[in-house]
Amino acid sequence: MARPTYDAAALEPGWVVASHGRRYRVEVEPGAEIDCMTRGKRSDVAVGDHVRFARTGDGGIIETTDPRRTLFYRSDANRQKLIAANVTQVVMVVAGAPAFSEDLVNRCLVGAEHAGIRAIIVLNKIDLPEAARALETLELYRSLGYDLVPLSAKRDLSPLKARLEGHTSVLVGQSGMGKSTIINGLVPHAAARVAEISIALGTGKHTTTHAELYHLGPDSHIIDSPGLQEFGLHHLTPVDAANAFVEIRPLLGNCRFRDCRHMSEPGCAVLDAVARGEISKRRFGSYRRLADELSRKRAAWE
Ligand SMILES: Nc1nc2c(ncn2[C@@H]2O[C@H](COP(=O)(O)OP(=O)(O)O)[C@@H](O)[C@H]2O)c(=O)[nH]1
Ligand SMILES: [Mg+2]
Ligand SMILES: [Zn+2]
């Protein structure tokens, strides 16, 4: 095994509180942050990671990452795209306008289930007339056991505040849903900090082009992430996908064929539940599209 090029005893511990590409802000103690890089092409460090870094003048080089409690990430055919490490809760933010993609909601939920992270859904902008239809759509998720929190970030964030207590949460969603508005409502001076970090990490614009962690209290933290257009799940098998749909999971093992794909097989417990109306057609459609995509991906590999 190659020996590390660093002196482990000289490394300092820190907490990654902002990331953009391979540039990171690492908190060494409350209020004290250092700009760090990774070595070479390494980019497997995420906001929320506890790391060990070597000082280099006024900056640092991240050498190791401590074992993670959780890792929330997406993936395409080529690579993983880390979103946040060590979070205990994914907060999916949607709104009535602009319209949100239900498939994207399902994919985020699947990603969270697969990573073993609790997920809740915030319906923002309930002050808009379009909220009524969105709420109707989302009742399905409440019936599946997901906590659904309707609110207006511009008026009152207290319904969400209670749910953030004691958690490290990551806000995810399409752009325009109100993630930054939520952060600005929760964290005083957040907007100023985004601007400051954008300059430090060289992102240039004052928009959420990087992920960033804010402290809400001693045990409560929240991570803002860049807007999502898609949520690739190439790290899952079709069986993983079935297990990540909370209403399909308990039926697995009840199908006639052990390797049932729940597509058109006779004696399929999942298809029977769909026919009886116990599993929603919308959710099953989402599962099918995902499982289809994942099995085509595997076929291409074989
Ligand atoms: N009517 C209404 N508009 C909101 C609310 N929250 C955010 N917005 C608006 O939605 C737009 C997108 O918000 P932003 O926080 O930038 O979304 P992000 O892309 O998810 O970070 C902005 O014009 C906000 O002013 C809300 O509760 N009600
Ligand atoms: Mg934003
Ligand atoms: Zn089946």
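What counts and how
Residues numbered from 1 in each chain as written. Chains lettered and ligands numbered in written order. Predicted model: local features only at pLDDT ≥ 70, side-chain atom pairs only at ≥ 80, totals over all residues. Heavy atoms only, no water. Donors = N, O, S within 2.8 Å, 3.2 Å for Na, K, Ca; no water. Buried < 20%, exposed > 50% of the residue type's maximum accessible area, 1.4 Å probe, protein only. Near = heavy atom within 4 Å. Polar contact = N/O pair within 3.5 Å; in protein donor to acceptor, adjacent residues only side chain to side chain. Helix = DSSP H or I, 4+ residues; strand = E, 2+ residues; numbered from the N terminus. Nonpolar A, V, L, I, M, F, W, Y, C, P; charged D, E, K, R; others polar. Axes fitted to C-alpha atoms, helices over the stretch in contact; angles between N-to-C directions. Parallel < 35°, antiparallel > 145°, perpendicular 65-115°, else oblique. Left-handed = near helix turned anticlockwise from the far one by under 90°. Contact = heavy atoms within 4.5 Å. Domains from an automatic or database assignment. Arc of directions from axis to C-beta. Pairing = 2+ DSSP bridges. Phe/Tyr/Trp six-rings, centres within 6.5 Å; stacked < 30°, edge-to-face > 60°.

1. Thoughts on the coordination of the zinc ion (ligand 3)
Then comes step 1: Every protein donor of the zinc ion (ligand 3) is accounted for by C255 (SG), C260 (SG), H262 (ND1) and C268 (SG), and the metal-donor separations fall at 2.1 to 2.4 Å.
Then comes step 2: Each donor residue of the zinc ion (ligand 3) lies on one chain, and together they are spaced C-x4-C-x1-H-x5-C. Across this residue pair, the class does not change: H262 and C268 are buried.

2. Observations concerning the site of ligand 1
Then comes step 1: Looking at ligand 1, there are 15 residues lining it, with D127, G176, K179, S180 and T181 nearest.
Then comes step 2: Within the backbone of A153, an N or O atom sits 3.0 Å from an oxygen atom of ligand 1.
Then comes step 3: Contact distances for ligand 1 include 3.2 Å between an oxygen atom and a side-chain N or O atom of K154.
Then comes step 4: Sort the elements by how many residues they give to the shell around ligand 1 and helix 4 (residues 179–186) lands first, with 3 residues.
Then comes step 5: Across the shell around ligand 1, the residue classes break down as 3 nonpolar, 8 polar and 4 charged.

3. Structural notes on the packing of helix 1 (residues 102–115) against helix 2 (residues 131–143)
Then comes step 1: The interhelical angle for the contact between helix 1 and helix 2, taken along N-to-C directions, is 20°, at an axis separation of 12 Å. It follows from the interaxial angle that helix 1 and helix 2 lie roughly parallel. Taken as a pair, helix 1 and helix 2 cross one another with a handedness that is right-handed. Two secondary-structure elements touch here, helix 1 through E102, N106 and L109 and helix 2 through T137, L140 and Y141.

4. Points about the environment of V246
Then comes step 1: As for its position among the elements, V246 is in the loop between helix 6 (238–244) and helix 7 (269–275).
Then comes step 2: Judged by its relative accessible area of 21%, V246 is partly exposed.
Then comes step 3: Ignoring sequence-local partners within four residues, the contact set of V246 consists of E113, L144, Y146 and R283.

5. Things to note about the domain arrangement of the protein chain
Then comes step 1: For the protein chain, the domain assignment lists domain 1 (8–65), domain 2 (71–224) and domain 3 (238–301).
Then comes step 2: On a C-alpha basis, the centres of domain 1 and domain 2 stand 24 Å from each other.

6. Details of unusual backbone geometry
Then comes step 1: Following A97, the chain continues to P98 via a peptide bond in cis, the omega torsion being -5°.
Then comes step 2: Locating P98 in the fold gives a position in the loop between strand 8 (89–95) and helix 1.
Then comes step 3: Phi is positive for H262, close to 60°, though the residue is something other than glycine.

7. Thoughts on helix 4
Then comes step 1: Taken together, the buried positions of helix 4 are K179, I182, I183 and L186. Buried residues of helix 4, seen end-on, are gathered within an arc of 100° and therefore sit on one face of the element.

8. A few points about the pairing of strand 6 (residues 71–75)
Then comes step 1: Burial runs high along strand 6: 5 of the 5 residues are buried.
Then comes step 2: The alternating pattern of strand 6 places L71, Y73 and S75 and F72 and R74 on opposite faces, both of which are buried.
Then comes step 3: In this sheet, strand 7 (residues 80–85) lies alongside strand 6 in antiparallel orientation, the contact comprising 5 bridges. If you follow F72 over to strand 7, its bridge partner there is A84.
Then comes step 4: In this antiparallel pair of consecutive strands, strand 6 and strand 7, the connection spans 4 residues.

9. Side note on the packing of aromatic side chains
Then comes step 1: One pass over the structure, following the stated rule, counts 3 aromatic pairs.
Then comes step 2: Arranged with centres 5.5 Å apart and planes meeting at 40°, the rings of F72 and F231 form a pair that is tilted. Remark: F231 occurs in the loop between strand 13 (220–224) and helix 6 and F72 occurs in strand 6; sequence separation between them is 159 residues. Summarising the burial analysis for this pair, F72 and F231 share the class buried.
Then comes step 3: Every member of this aromatic cluster is reached through a ring pair, and the members are F245, F284 and Y287.

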